Structure formats: C-alpha cells, structure tokens
Amino acid sequence: MFKVLGVLLALYVCYSVVAGRVLAKAGVRMREVHRDESPRYFWVVIAIYTGLSIALVTIF
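Residues numbered from 1 in each chain as written. Predicted model: local features only at pLDDT ≥ 70, side-chain atom pairs only at ≥ 80, totals over all residues. Heavy atoms only, no water.

Q: Whenever I open this one, the overall build of the chain confuses me. Can you help?
A: A count of helical and extended segments in the chain gives 2 helices and 2 strands. For the chain, the succession of helices and strands along the chain, N to C, is α-β-β-α. With respect to the three principal axes, the spread of C-alpha positions in the chain is 35 × 25 × 15 Å. Here the chain holds 60 residues, and the buried ones make up 27% of them. Taking as baseline every contact in the chain between residues at least 6 positions apart, the subset at least 24 positions apart corresponds to 43%. (Helix = DSSP H or I, 4+ residues; strand = E, 2+ residues; numbered from the N terminus. Buried < 20%, exposed > 50% of the residue type's maximum accessible area, 1.4 Å probe, protein only. Contact = heavy atoms within 4.5 Å.)

Next up, the structure:
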C-alpha cells in the first residue's frame, strides 16, 4: 500500500515540476505554490515530497 502511495507521489512530483506549480499545506488549508512567483519555496516543497516518496517506497 505504501509503495503505491510513494509511486503516486513521485508521479505528482514529476507533474508539478513540469507544470510549475505544486500544492503545499499552509496552516489549515492548501496553498498552490508557483515556480515563477516563489522559486525557493517551490523547490523546497518538491524536495520534501521527493524525500517522502523515496521513504514510502523504501522504508515502509
């Protein structure tokens, strides 16, 4: 089950990099982060999601 979630998250990361936007948790809501508007925050979210995806596939 966790491996499937990890693969789906990896696919979402790839989609987000191509699209230039990603959804990130911001308080109670979700926030859409655009690569053009805040590139540093965008890449931090991508790095966190990538690490989580790797952890889901390998550790769990």
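Additional details are given in the paragraphs that follow.
Q: Even after reading the chapter, I still don't get the packing of helix 1 (residues 2–19) against helix 2 (residues 39–58), so can you show me in this structure?
A: A pair of packed helices can be characterised by two numbers: the angle between their axes and the separation between those axes. It is at 7 Å that the axes of helix 1 and helix 2 come closest, and there the two elements cross at 155 degrees. Here helix 2 runs roughly antiparallel to helix 1, going by the angle between their axes. Here helix 1 runs over helix 2; the crossing is left-handed. Counted together, F2, K3, L5, G6, V7, L9, A10, Y12, V13, S16 and V17 of helix 1 and F42, W43, I46, Y49, T50, L52, S53, L56 and V57 of helix 2 form the full contact between these two elements. (Axes fitted to C-alpha atoms, helices over the stretch in contact; angles between N-to-C directions. Parallel < 35°, antiparallel > 145°, perpendicular 65-115°, else oblique. Left-handed = near helix turned anticlockwise from the far one by under 90°.)

Q: Help me out: how do you make sense of the pairing of strand 1 (residues 21–26) in this one?
A: Side-chain direction in a regular strand flips from residue to residue, so the side chains alternate between the two faces of the sheet. Relative to strand 2 (residues 29–34), strand 1 runs antiparallel, the two sharing 6 bridges. Bridging from a neighbouring strand, R21 pairs with H34 of strand 2. Here strand 1 hands over to strand 2 after 2 residues, with G27 in that stretch at a positive phi of 75 degrees. (Pairing = 2+ DSSP bridges.)

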